[in-house]
Amino acid sequence: MLASEQYHVDKLDLEGKKAYVRKVDSDYYTDAMTYTNVRVIDSLKIITIQERLVEHGEVQVGAPK
């Protein structure tokens, strides 16, 4: 089994799409949520592409209650 390596984000440049990180030795870690609570606020456009419904609009995303 491979061990993971932990990195700390020192700077996040959203416009330049870059994260400046450094390798750290830490006793804590984060874990991704495998579930969310998504609620459609407004549906702006609905189309079908290759027999699949594609919808564009506004949603609210949050942790489950």
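Scroll up to find the structure this text is about.
Residues numbered from 1 in each chain as written. Predicted model: local features only at pLDDT ≥ 70, side-chain atom pairs only at ≥ 80, totals over all residues. Heavy atoms only, no water.

**Comments concerning the overall build of the protein**
Condition: In this description a helix means any DSSP run of H or I spanning at least four residues, a strand means any run of E spanning at least two, and both kinds are numbered starting from the N terminus. Every radius of gyration here is taken over C-alpha atoms, with the globule rule written as 2.2 Å times N^0.38, N being the number of residues.
Looking only at helices and strands, one finds 0 helices and 4 strands in the protein. Tracing the protein from N to C terminus, the helices and strands come up as β-β-β-β. What you see for the protein is a C-alpha radius of gyration of 19 Å, clearly larger than the 11 Å of a compact globule of 65 residues, by over 25%. Judged by the C-alpha coordinates and their principal axes, the protein covers about 45 × 30 × 25 Å.

**Describing the pairing of strand β2 (residues 18-24)**
What counts here: For two strands to be treated as a pair, DSSP must find no fewer than two bridges joining them.
For strand β1 (residues 6-13) and β2, the ladder comprises 7 bridges, and the chain directions are antiparallel. When the bridges of β2 are listed, Val-9 appears paired with Val-21.

**Side note on the pattern of salt bridges**
Selection rule: Throughout this description, the term salt bridge denotes a Lys or Arg side-chain nitrogen within 4 Å of a carboxyl oxygen of Asp or Glu. A 1.4 Å probe rolled over the protein chains alone gives each residue an accessible area, and that area as a share of the maximum for its type sets the label: buried under 20%, exposed over 50%, partly exposed in between.
Applying the stated criterion to the full structure yields 2 salt bridges. The partner of Glu-5 in a salt bridge is Lys-23, and the shortest N-O contact between them spans 3.5 Å. In this pair, Glu-5 sits in the segment before β1 while Lys-23 sits in strand β2, placing the two residues 18 residues apart along the sequence. With a relative accessible area of 54%, Lys-23 lands in the exposed category.

**Here's the deal with a nonpolar patch on the surface**
The test is simple: Every patch collects residues that have over 30% relative accessible area and no salt bridge, joining them within 9 Å if they carry like charges and within 5 Å if they are nonpolar side chains (Val, Leu, Ile, Met, Phe, Trp, Tyr). All accessibility values rest on the Shrake-Rupley procedure with a 1.4 Å probe; residue burial counts only the protein chains present in the view.
Residues Tyr-7, Val-9, Leu-12, Leu-14 and Val-21 make up a contiguous nonpolar surface patch of roughly 530 Å² in combined accessible area. Broken down by element, the nonpolar patch gets its largest block of residues, 3 residues, from β1. Along the chain, Val-9 falls in strand β1. On the accessibility criterion, Val-9 (45% relative accessible area) is partly exposed.

**Overview of unusual backbone geometry**
Where the residue is not glycine, phi is negative for most of them; where a peptide bond is considered, it is trans in most cases. Phi is positive for Lys-17, which is not a glycine, with a value near 55°. Secondary-structure assignment places Lys-17 in the loop between β1 and β2. Of note in this structure, Gln-50 is not a glycine but carries a positive phi near 50°. One can find Gln-50 in the loop between β3 (37-49) and β4 (52-62).

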